[in-house]
Amino acid sequence: MAETVAHPLRLGEGRPDQPFPQAAMPFRRAVRVLAAAALSVWTAFVPVSRPAAAESVSPQGSSAVVFAYDRFGEDQNPSISIRIDQFEAHLDELTDGDYHVLPLPKILDALRNGKPLPDRTVAITIDEASRSAFTEAWPRLKAAGLPFTLFVATDAVDRGSPSHMSWTEIRQLAAAGVTIGALGTSTQSMLARSPDQLAADLRRMSDRFQTELGKRPAVFAYPQGEYSLAVRQLVVDQGFAAAFGQQSGVLHPQADPWSLPRFVMNETYGSADRFELAANALPLPVSDLTPDDPLVTVNPPPLGFTIADGVGDSSKLACFAAGQGRTALERIAEDRVEVRIKDPFPPGRARVNCTLPAADGRWRWLGVQFLIPE
């Protein structure tokens, strides 16, 4: 099979997390399409019920994929919104019996305390508390019986913005079992404010949750996925048990609880194939990641890491830098890899995604996000 089909990341793309070509329908999806056609004929005559997925613990160890959405069906905002037909295709994929969609707190508790998780564990998160999340996403998730976490930016809700939920609606979701997390006071990057301003904003945000919901959130999402070591420490100091960015990757017990990855879904990167690819991803655990601060001082950043034992044939590792395609890799030791990024990144966000093939056509995935100062 050609590399552009076999590998989930295409070379030379503007984003390193592009899916493989649409023509390369994954084998498992093709089988389901044929099976669904046959089943539709059968069910026209005989009523059938679908059994729940078996609670098989992942042979790769406990891990979970977390998806991040923002807005729904807002064609004027394709960079942060997903089409309704795309979102419905994602829900169809998740409810076909192969996945275990669990509440985010349950996943975090399992990873923190060494509890097993079923294979293909997934969590759904929604950022910002937009109006379309309430009118479009919430009814569909409720009908599908899928739990999710809503990360709320408090200032827009306090202003009564017509494009956002109200506190009454957020309380309605919380009462229905939706996990409520924090997204800061606004959706703007936290890096533009001083540490004192950020600390004050986080305290004010937490106070608003306490007043409106009767408790402070335990989980946090960095606005736009942007954070530095200093910002991370402020979030830790505020008592959050976990925090999420927007770098691609898979949760696992060794991951830093305050820089957890999520696969972002929007109109451009929300195809059914990319969603299935991400939903089946496995972790690529590493240690001694350098540089340790996403806010880089050397550009291009000298990216390096040590691969954990038992993840497979590390000689098949491939890394892709945003706007540059596949990068050169230098093996410093048997398990130590340095990524040779050729050119400096432009100011703003930049990502490097690394993947390693695993069994059953699945991929181990590591995403690293960098923030390049002006």
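Heads up: the structure comes first, above all this text.
These remarks concern the structure in this document. Remember, predicted model here, so these are calculated numbers, not experimental data.

Structural notes on the overall build of the protein
- Broken down by element type, the protein carries 10 helices and 19 strands.
- Looking at the protein alone, contacts between residues at least 24 apart form 64% of all its contacts between residues at least 6 apart.
- In the form shown here, the protein has an accessible surface area of approximately 16,500 Å², with 55% of it arising from carbon and sulfur atoms.

Re the state of the cysteines
- Overall, the coordinates contain 1 disulfide when judged by the stated rule.
- A disulfide bridge connects Cys319 with Cys354, and the sulfur atoms are separated by 2.1 Å. The S-S bond linking Cys319 to Cys354 shows a torsion near 110°; that makes this disulfide right-handed. Here Cys319, found in strand S14 (residues 318–321), pairs with Cys354, found in strand S18 (residues 348–357); they are 35 residues apart in sequence, far enough to count as distant. The exposure classification of Cys319 matches that of Cys354, with both residues buried.

Brief notes about the sheet that holds strand S16 (residues 328–331)
- Spatially, the 4 strands line up as an open sheet ordered S12-S13-S17-S16, and their pairing is antiparallel. On the outer flanks of this sheet lie strand S12 (286–290) and S16, each paired with one strand and no other. The sheet shows a mean angle of 25° between the axes of neighbouring strands, direction not considered.
- One ladder, built from 4 bridges, connects S16 with strand S17 (residues 336–340); its direction is antiparallel. Each bridged residue has a counterpart across the sheet, and for Arg331 the counterpart in S17 is Val337.

Concerning the sheet that holds S14
- On the basis of which strands lie adjacent, the open sheet formed by 5 strands has the order S11-S19-S18-S14-S15 and mixed pairing. The strands lining the two open edges of the sheet, one partner per strand, are strand S11 (282–283) and strand S15 (325–326).

Some points on the packing of helix H7 (residues 167–175) against helix H8 (residues 195–213)
- Direction vectors running N to C along H7 and H8 enclose 70°, while the axes themselves pass 10 Å from each other. Relative to H8, the element H7 is oriented roughly perpendicular. Packed against H7, whose contacting residues are Trp167, Ile170 and Arg171, the element H8 presents Arg208, Phe209, Glu212 and Leu213 at the interface.
- Among the residues making up the contact of H7 with H8, the classes are represented as 4 nonpolar, no polar and 3 charged.

Parameters and conventions
Residues numbered from 1 in each chain as written. Predicted model: local features only at pLDDT ≥ 70, side-chain atom pairs only at ≥ 80, totals over all residues. Heavy atoms only, no water. Helix = DSSP H or I, 4+ residues; strand = E, 2+ residues; numbered from the N terminus. Contact = heavy atoms within 4.5 Å. Areas by Shrake-Rupley, 256 points an atom, 1.4 Å probe, with all protein chains shown as cover. Disulfide = S-S within 2.5 Å. Buried < 20%, exposed > 50% of the residue type's maximum accessible area, 1.4 Å probe, protein only. Pairing = 2+ DSSP bridges. Axes fitted to C-alpha atoms, helices over the stretch in contact; angles between N-to-C directions. Parallel < 35°, antiparallel > 145°, perpendicular 65-115°, else oblique. Nonpolar A, V, L, I, M, F, W, Y, C, P; charged D, E, K, R; others polar.

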